[in-house]
Structures are given as structure tokens and as C-alpha cells.
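Observations on the model geometry
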Amino acid sequence: MSHRPGRNHLFVPGPTNVPDRVQRAMVVAMEDHRSSKFPELPTHLFAELKKVFKTHHGQAFIFPSSGTGGWEAALTNTLSPGDKVLASRFGQFSHLWIDLARRIGLNVQVLEETWGTGASPENIGKVLSADTKHEIKGVMVVHNETATGVTSDVAAVRKAMDAAKHPALLYVDGISSIASLDFRMDEWGVDLAIAGSQKGFMLPAGICMVGASAKALEKRKEAKCTRVYFDFEDMIKANATGYFPYTPALPMLYGLKESLAILHEEGLDNVFARHHRLAEGVRAAVKGWGLTLCAKDPKWYSDTVSAVMVPQGFNGAHVIDVAYRRYYLALGAGLSEVAGKLFRIGHLGDMNEVSLLGALGGVEMAMLDVGIQITPGSGVGAAVEYYRSHNPIAKDAMMPRP
Ligand SMILES: *Cc1c(COP(=O)(O)O)cnc(C)c1O
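I will try to describe carefully the structure that is included in this document. (Residues numbered from 1 in each chain as written. Predicted model: local features only at pLDDT ≥ 70, side-chain atom pairs only at ≥ 80, totals over all residues. Heavy atoms only, no water.)

1. Focus: the packing of aromatic side chains
Which entries qualify depends on this criterion: In this scheme Phe, Tyr and Trp rings, the latter by its six-membered ring, pair at centre separations within 6.5 Å, and the angle between planes marks the pair as stacked below 30 degrees, edge-to-face above 60, and tilted otherwise. Burial classes follow relative accessibility: with a 1.4 Å probe on protein chains only, a residue under 20% of its type's maximum area counts as buried, one over 50% as exposed, and anything between as partly exposed. Put simply, a charge is over a ring when the Lys NZ or the Arg CZ is close to the ring centre, within 6 Å, and near the line of the ring normal, within 35 degrees.
Following the criterion strictly, the structure yields 12 aromatic pairs and no others. Ring centres of Tyr 324 and Tyr 328 lie 6.1 Å apart, and the angle between their planes is 65 degrees; this geometry places the pair in the edge-to-face category. Given the relative accessible area of 34%, Tyr 324 is considered partly exposed. By the ring-pair criterion, three or more aromatic residues cluster together here, those being Phe 61, Phe 63, Tyr 229, Phe 230, Phe 232 and Tyr 246. Directly above the aromatic system of Phe 93 lies the positively charged group of Lys 199, at a separation of 5.5 Å from the ring centroid.

2. As for the layout of surface pockets
The following threshold applies: A cavity, in this analysis, means grid points on a 1 Å lattice covering only the protein atoms where a 1.4 Å probe fits yet has no way out; a pocket is instead an open set bounded by protein on both sides within 12 Å along at least five of seven lines, and a residue lines either one if it has an atom within 4 Å of a point. Grid points are joined across faces, edges and corners, and a volume is the space filled by probe spheres set on the points. Only DSSP runs of H or I covering at least 4 residues are called helices, and only runs of E covering at least 2 are called strands; the numbering of each starts at the N terminus. In this classification, the charged set is Asp, Glu, Lys and Arg, the nonpolar set is Ala, Val, Leu, Ile, Met, Phe, Trp, Tyr, Cys and Pro, and all remaining amino acids, among them Gly, are polar. An automatic or database domain assignment supplies the residue ranges for each domain.
Computed from the structure, the largest pocket encloses a volume of approximately 380 Å³. Along the walls of the largest pocket sit 22 residues, with His 143, Thr 151, Ser 152, Asp 153 and Lys 299 positioned nearest its centre. Looking at the lining of the largest pocket, the elements that each hand over two or more residues are α5 (121-130) and α6 (154-163). Considering only residue class, the lining of the largest pocket consists of nine nonpolar, seven polar and six charged. Taken together, domain 1 (9-15 + 268-392) and domain 2 (20-264) each give at least three residues to the lining of the largest pocket, which thus spans both. Counted as a void, the second largest pocket has a volume near 310 Å³. In terms of lining, the second largest pocket is formed by 15 residues, of which the most central are Arg 7, Asn 17, Val 18, Pro 19 and Asp 350. Elements supplying a minimum of two residues to the lining of the second largest pocket: β1 (9-11) and α1 (20-26). Considering every element that reaches the lining of the second largest pocket, the biggest residue donor is β1, with three residues.

3. Some thoughts on the site of the ligand
Convention followed: The rule for a residue being near a molecule or strand is that one of its heavy atoms must lie within 4 Å of it. Contacts described as polar in this section are N or O atom pairs within 3.5 Å, which, within protein, must combine one atom able to donate a hydrogen with one able to accept it, while residues neighboring in sequence count only if both atoms come from side chains. Every accessible area reported is derived by Shrake-Rupley at a probe size of 1.4 Å, with residue values counting cover from the shown protein chains alone.
As a matter of local geometry, the ligand sits amid 13 residues, with Ser 66, Thr 68, Thr 146, Asp 173 and Lys 199 nearest to it. Side-chain polar atom of Thr 146 to an oxygen atom of the ligand: 2.4 Å apart, as the coordinates give it. Surface burial for the ligand is 88%, taken as the share of its 380 Å² of free accessible area covered by protein chains. No other element matches the three residues that helix α3 (residues 67-76) contributes to the shell around the ligand. Class assignment of the residues belonging to the shell around the ligand gives a composition of four nonpolar, seven polar and two charged.

4. Notes on the nonpolar core
In summary, soluble globular proteins display a tendency toward joint burial of nonpolar side chains. Our working rule: Definition used in this section: a nonpolar core is a set of buried Ala, Val, Leu, Ile, Met, Phe, Trp, Tyr and Cys residues joined via side-chain atoms within 4.5 Å. Contact between two residues is taken to exist if any of their heavy atoms lie within 4.5 Å; hydrogens are not considered.
Membership of the largest hydrophobic core comes to 87 residues, with the highest contact counts inside it found for Phe 53, Ile 62, Phe 63, Phe 201, Phe 232 and Leu 256. If one sorts the elements of this core by residue count, helix α9 (residues 250-266) sits on top with seven residues. Both of domain 1 (9-15 + 268-392) and domain 2 (20-264) provide at least three residues apiece to this core. Here Ile 62 is in contact with Leu 45, Phe 46, Leu 49, Ile 207, Cys 208, Met 209, Met 235, Phe 244, Leu 253 and Leu 256, once residues within four sequence places are set aside. Phe 343, Ile 345, Ala 366 and Tyr 386 belong to the second largest nonpolar core, which has 32 residues in total.

5. Comments concerning the environment of Leu 75
Inspection of the secondary structure puts Leu 75 in helix α3. Taking the relative accessible area as the measure of exposure, Leu 75 reaches 0% and is therefore buried. Between the alpha carbons of Leu 75 and Gly 14 there is a distance of 23 Å; along the sequence they are 61 residues apart. Apart from residues lying up to four places away in sequence, Leu 75 is in contact with Trp 97, Leu 100, Ala 101, Ile 104, Leu 106, Met 140 and Tyr 171.

6. What to know about the side chain of Thr 148
For Thr 148, the location among the structural elements is in the loop between β6 (144-145) and β7 (150-151). Residue Thr 148 is classed as buried on the basis of its relative accessible area, which comes to 0%. Residue contacts for Thr 148: discarding those within four places in its chain leaves Phe 90, Gly 91, Trp 115, Gly 116, Cys 294, Ala 295 and Ala 307.

7. Points about the pattern of salt bridges
Two side chains with opposite charge may pair up if their charged atoms get near one another. To be explicit about the condition: In the sections that follow, a salt bridge refers to a side-chain nitrogen of Lys or Arg positioned within 4 Å of a carboxyl oxygen of Asp or Glu.
On inspection of all chains with the given rule, the structure shows 21 salt bridges. Salt-bridge contacts for Glu 48 lead to Lys 51; the nearest nitrogen and oxygen are separated by 2.8 Å. Highlighted residues: Glu 48 and Lys 51, both in helix α2 (residues 40-53), separated by three residues, approximately one helical turn. Relative accessible area serves as the criterion here: at 48%, Lys 51 is assigned to the partly exposed category. The shortest N-O distance in the salt bridge between Glu 353 and Arg 277 comes to 3.0 Å. Here Arg 277 lies in helix α10 (residues 268-289) and Glu 353 lies in helix α12 (residues 353-369), a separation of 76 residues in the sequence. Of the two residues examined, Glu 353 and Arg 277, each falls in the buried class. By sharing partners, the salt bridges in this structure join Lys 54, Asp 182, Arg 184 and Glu 187 into a single network.

Function-wise, these values are silent; they only describe arrangement.
Shown next as C-alpha cells:
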């Protein structure tokens, strides 16, 4: 394809835009990962990662893989073939994690929830209360279901587990939530937390970060699932002195150092507040268009991705194709059960109001092009009003001084 002027407007919910600072930090000469100086870098990264996971008691691991490898690492290091786990399914990512769990030999009991809703603490609590022999070894929850734009209440799941006095480990896929949405590993009693580099961490795909609680680390001693590349044991030994058991992806580590610095400079609470503000503007736009989200109720709304339902008779894939080919705007597709029924706008990572307004304008053009009857400006205008009235810098402070 010939050159396309202007920037590629990337609004898929991963990979997300990589800040210039992070890109530059990744351009490094290769170095000896066995040198006496090398441990400074991993040691710093593990300490900073624990702050993002919000764990004092747990350990943070970095594996060279996409998020899917983190799913596998979390399960294989703590479970044995045939072990029973309980998982809620309400979107393509929860579905794929269940599929992975089955393929490594786990016995998965699935709680089917309507797509557009999330994990039900009530349903999980009921199953756990009935499991008096404690045959269920783990509960798997996708914190933010990227396929439907739904965020589940992990704290409420933990409460339900505690109310049932059940000892199962809590496994949380935080791939599209950690570093963008409030996440508290220790406080919520999360035993295995999985993050990926190409979402809130604003990096290319290539590393996953796994947080493991003390209880989870203890379980590895009896867990019999086959694991080699993703073995916690090898990592623990090498990481103890600041090394890795195999050659680390150096540019990714330097990029992670920079992205952690960026998150720290903004402050995690401000990061979460910004994601909420950006998401609210997108939701105002959706309302302005007269359309609805896949998320069925405000309590499920995701602050990192919005899945917008297209009206009956239209195909979301068509909107996405027109947006990309005519306007160089990349949107997320509807996956599996919701294929064609929606398109997704990712609003996580290195993102701000004006960038998002560009995306919303592109979405309006693409929807109009395929014949969806919306009023031009109806969504953009609603977002403009929302962002103007919710900027953290007071408008009066910006008035010209006499
Ligand atoms: C992106 C994503 C994954 C998959 O991660 P990969 O990096 O593509 O392996 C899993 N779960 C959720 C919630 C995601 O958003």
C-alpha cells in the first residue's frame, strides 16, 4: 500500500499506542544479561511492578510471551491435571482462557453468564458453598472482558469466596485492566494476577507479568501440571539474584522501565481517573448517537474499552472496514458470539481527550458511510461537552490574566 499521511489512529483495545518516550527507551544496544551490572534492571522492575499490582506479600514475574502465556503460567504452576476449577464465561477472552485450562488437563466447571454482563459473585458463591469437600481448587475471573467492554467486581468475588469459607485460589486475568483500572491484588485476595504488555502498560506485545500470592507460591510445590518454559521455580531461583533463567527480551525490559516511570509520574489514581473520564466521554457519545453498549448495565461499564452495538440490519465489521480504509482509523471487531453485532473503541493506555475525539469523529463518518442513521456531530458534541466540563484543570484558572 502507498504511504498514508498523518498518524495511524489506533483504537483497538490492544495493542495500544506506545508513547514516544517508551519507543525511544526501547532502542538500546544489546548487552550481556549475565553481567554483574544487569541485576539492577530486573530488581527495579520487580519492585515497581509490585506497586502496580498492589502487592506487598506477593511476587511479580516477567515472562517473554503475550498475555496468553500468563494464563498458562498461572494455571500450570499451581494446579495438577484433573484438578477442578470454576470459571465464569461471558466473552471471547473468558472463553479462550477456559479452553486453555481444558487443554492443559484441568476439569473446568463453567458458569455461563450473559455476554454483556460479568462474573456473578452470587453464582460463584453458590457453587463454592455447595462444594463442601473443597474439590474446586481455583476460581478464574476475567476482570475486564475486552470482547464485550465489561468489568467485573473482583472484590465482590473475593467476598463471596470468603463467605463460602472456600480455600480455592483466585485467578484473575487483568490483561486489559491492570495499569488502567483500579486493581488491588493483596486487598482483594487475588492469588494469581495476569497482565500483558500491550494494553495498559503501553508497550508492544511480548512480555506478560504475573503476580503470585504467597499462598499461590506455596501451591507450586504440589502442582503437577507440566511446565518448563513458564516454571515459577526456575524464575524464582534466577530472579533472586536479579537474573532470568533464559535470555530476556532486553528492549521490552527497558520499555517496561519507562512505562512504569510514566505510570508513576502521572500517579496510578490519576491514571484510573483519566481512564474513567475518557470512557465517560465515549459513553456520552454512544448515547448521543442513540446507540447502546454491549455492557447491559452501568455497573458493568468498562473504562478501558467500549463495545458499541450497531443497529439491526447493519454489520459492525463493515463499519470497521470503512473506518480503516477511508479514515485510517483502527477499531476493534466483534468476536465470536458478537461478531458483526458491534465494534469496539479502545480507550486505554497513552490516550487523551483530543485523540479520542478524533476517533469518535472517524466512527461517525464510518457509520454514516455504511448508512447508519445518526446525526453528524451528535456523539462528538456530547463528548466535547463532557470533556469540557470534566477537565481536571479548572476553566477559570485558564482565563487570560489582566
Ligand atoms: C488481550 C487479552 C488477552 C490475550 O492476550 P494476548 O496478549 O493476545 O495473548 C487475554 N485476556 C484479555 C482480557 C485481553 O484483553
